[in-house]
Amino acid sequence: MVAFAVTDWDDAYENGRNIPGGSDYPAAWVEPAASFRAAARARLDLPYGEGARHRYDLFLPEDAAKGLFVFVHGGYWMALDKSYWSHLAAGPLAQGWAVSMPSYDLCPEVSIADITTQVGAAITHAADKIDGPIVLSGHSAGGHLVTAMMCEDSPLSDETRSRLAHVLSISGVHDLRPMLRTERNAALQLDMEGAEANSPVLKRPLEHVPLTTWVGGGERQEFLRQSALLSNIWHGLGCITQDVVAPDRHHFNVIDDLADPNSAMLQTVLGSGGEGGQ
């Protein structure tokens, strides 16, 4: 018999100090993202709200888009913005999808519930510009935010919900209750009621939307558990789910496959025919 117990919750959710070269991120993404933006066919800083960070970038394929692929960034709901990730649009674009990447306000200036509402508004705004199916992806805190979009209390409109073809949560945090035990909660300002109200694992999913949770095999145990947890629970609620553990990937490079149109990750959610993995 093996017993498990977390004694240091900050370490359990700390990636940078536990990955060789982890201190190089997110700076390593700045130059490739900027270079991609400069060369891409794109509409940058489109407003979806009144705030300074209520902006998204929309990258467009050469021909009519097959649909809309959304990437929501991470940073523990308290750091970073859309500008770090532009190069990850390369994969969906090569498959013929338009790609939207939003920024949002950060904790502690706003709550996680506020951020969820903002991301819903950003997706809705982009969906009005691009026809066809919608595939949502997000990394870390972004994984939480995109899975919140496929809950029964999703902030998305009924029309936008009906177009959801797949949701991909990469290294997502789907149960927020452990955050109460971390020093980060000084910024997140969660109490148990708020953590429960904003945890997708405690909600019912939209049954028509397939879910893929994707996590690196070299990640912290808590991220492996968080991914398996959501897929397991939602499978029991009628959702089509799969949990993929990618070997030789850690929390920061697990997203690299988004940039490769032939990667297993994109083939899973987009398919070779660009039909949202369905």
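See the structure above.
Residues numbered from 1 in each chain as written. Predicted model: local features only at pLDDT ≥ 70, side-chain atom pairs only at ≥ 80, totals over all residues. Heavy atoms only, no water.

(A) How the structure looks around the overall build of the chain. Helix and strand counts for the chain come out as 10 helices and eight strands. Over its C-alpha trace the chain gives a radius of gyration of 17 Å, about what one expects of a compact globule, namely 19 Å for 278 residues. When the backbone C-alpha atoms are referred to their principal axes, the chain occupies close to 55 × 40 × 40 Å. Counting across all 278 residues of the chain, residues that qualify as buried make up 54%. If you take every contact in the chain between residues at least 6 apart in sequence, the share linking residues at least 24 apart comes to 76%. In the form shown here, the chain has an accessible surface area of approximately 11,400 Å², with 50% of it arising from carbon and sulfur atoms. In the chain, 19 positive and 35 negative side-chain charges are present, and the distance between their average locations comes to 2 Å. (Helix = DSSP H or I, 4+ residues; strand = E, 2+ residues; numbered from the N terminus. Rg over C-alpha atoms; globule rule 2.2 N^0.38 Å. Buried < 20%, exposed > 50% of the residue type's maximum accessible area, 1.4 Å probe, protein only. Contact = heavy atoms within 4.5 Å. Areas by Shrake-Rupley, 256 points an atom, 1.4 Å probe, with all protein chains shown as cover. Lys, Arg positive; Asp, Glu negative; His and termini not counted. Charge placed at Lys NZ, Arg CZ, Asp CG, Glu CD.)

(B) Looking closely at the side chain of Ser 199. Secondary-structure assignment places Ser 199 in the loop between helix 8 (192-197) and strand 7 (211-216). In terms of polar contacts, Ser 199 uses its side chain to reach the backbone carbonyl oxygen of Ala 195, at 2.6 Å. When neighbours within four sequence positions are excluded, Ser 199 is seen to be in contact with His 174, Asp 175, Leu 176 and Arg 177. (Polar contact = N/O pair within 3.5 Å; in protein donor to acceptor, adjacent residues only side chain to side chain.)

(C) Local environment of the sheet that holds strand 7. The strand order across the open sheet formed by eight strands is 1-2-4-3-5-6-7-8, and the pairing between neighbours is mixed. For this open sheet the edge positions go to strand 1 (42-47) and strand 8 (241-246), each flanked by a neighbour on one side alone. Strand-to-strand twist of the sheet, defined as the mean angle between neighbouring strand axes without regard to direction, takes the value 20°. Pairing of strand 6 (residues 164-170) with strand 7 involves four bridges; the strand directions are parallel. (Pairing = 2+ DSSP bridges. Axes fitted to C-alpha atoms, helices over the stretch in contact; angles between N-to-C directions.)

(D) Quick peek at the packing of helix 4 (residues 112-127) against helix 5 (residues 141-149). It is the contact of helix 4 with helix 5, at a shortest axis distance of 10 Å, that shows an interaxial angle of 65°. In terms of orientation, helix 4 and helix 5 fall into the roughly perpendicular class. The interaxial crossing formed by helix 4 with helix 5 has right-handed handedness. Facing helix 4, whose interface residues are Ile 112, Ile 115, Thr 116, Val 119, Gly 120 and Ile 123, helix 5 presents His 144, Leu 145, Ala 148 and Met 149. Across the contact of helix 4 with helix 5, the residue classes break down as seven nonpolar, three polar and no charged. (Parallel < 35°, antiparallel > 145°, perpendicular 65-115°, else oblique. Left-handed = near helix turned anticlockwise from the far one by under 90°. Nonpolar A, V, L, I, M, F, W, Y, C, P; charged D, E, K, R; others polar.)

(E) Just the packing of aromatic side chains, in detail. This structure, assessed with the given rule, holds nine aromatic pairs. Arranged with centres 5.2 Å apart and planes meeting at 50°, the rings of Tyr 25 and Trp 29 form a pair that is tilted. The exposure class of Tyr 25 is partly exposed, given its relative accessible area of 24%. Take Trp 29: its relative accessible area is 6%, and that puts it in the buried class. Ring plane angle 40° and centroid distance 4.7 Å describe the contact between Trp 29 and Trp 85, whose orientation is recorded as tilted. One end of the pair, Trp 29, is in helix 2 (residues 27-39); the other, Trp 85, is in the loop between strand 3 (68-72) and helix 3 (90-94), and 56 residues separate them in sequence. Judged by relative accessible area, Trp 85 falls into the buried class, the value being 2%. Every member of this aromatic cluster is reached through a ring pair, and the members are Tyr 25, Trp 29, Phe 71, Tyr 84, Trp 85 and Phe 252. Looking at Arg 184, its charged tip hangs above the ring of Tyr 76, at a distance of 3.8 Å from the centre. (Phe/Tyr/Trp six-rings, centres within 6.5 Å; stacked < 30°, edge-to-face > 60°. Lys NZ or Arg CZ within 6 Å of the ring centre and 35° of its normal.)

(F) View of the pairing of strand 8. As paired strands, strand 7 and strand 8 are joined by six bridges and run parallel to one another. Residue Gly 216 lies in a different strand from strand 8, and its bridge partner there is Ala 246. With helix 9 (residues 221-235) bridging strand 7 and its parallel neighbour strand 8, the resulting β-α-β unit is right-handed. (Right-handed = clockwise from strand over helix to strand, strands pointing away.)

This is a description of form; function is not addressed.
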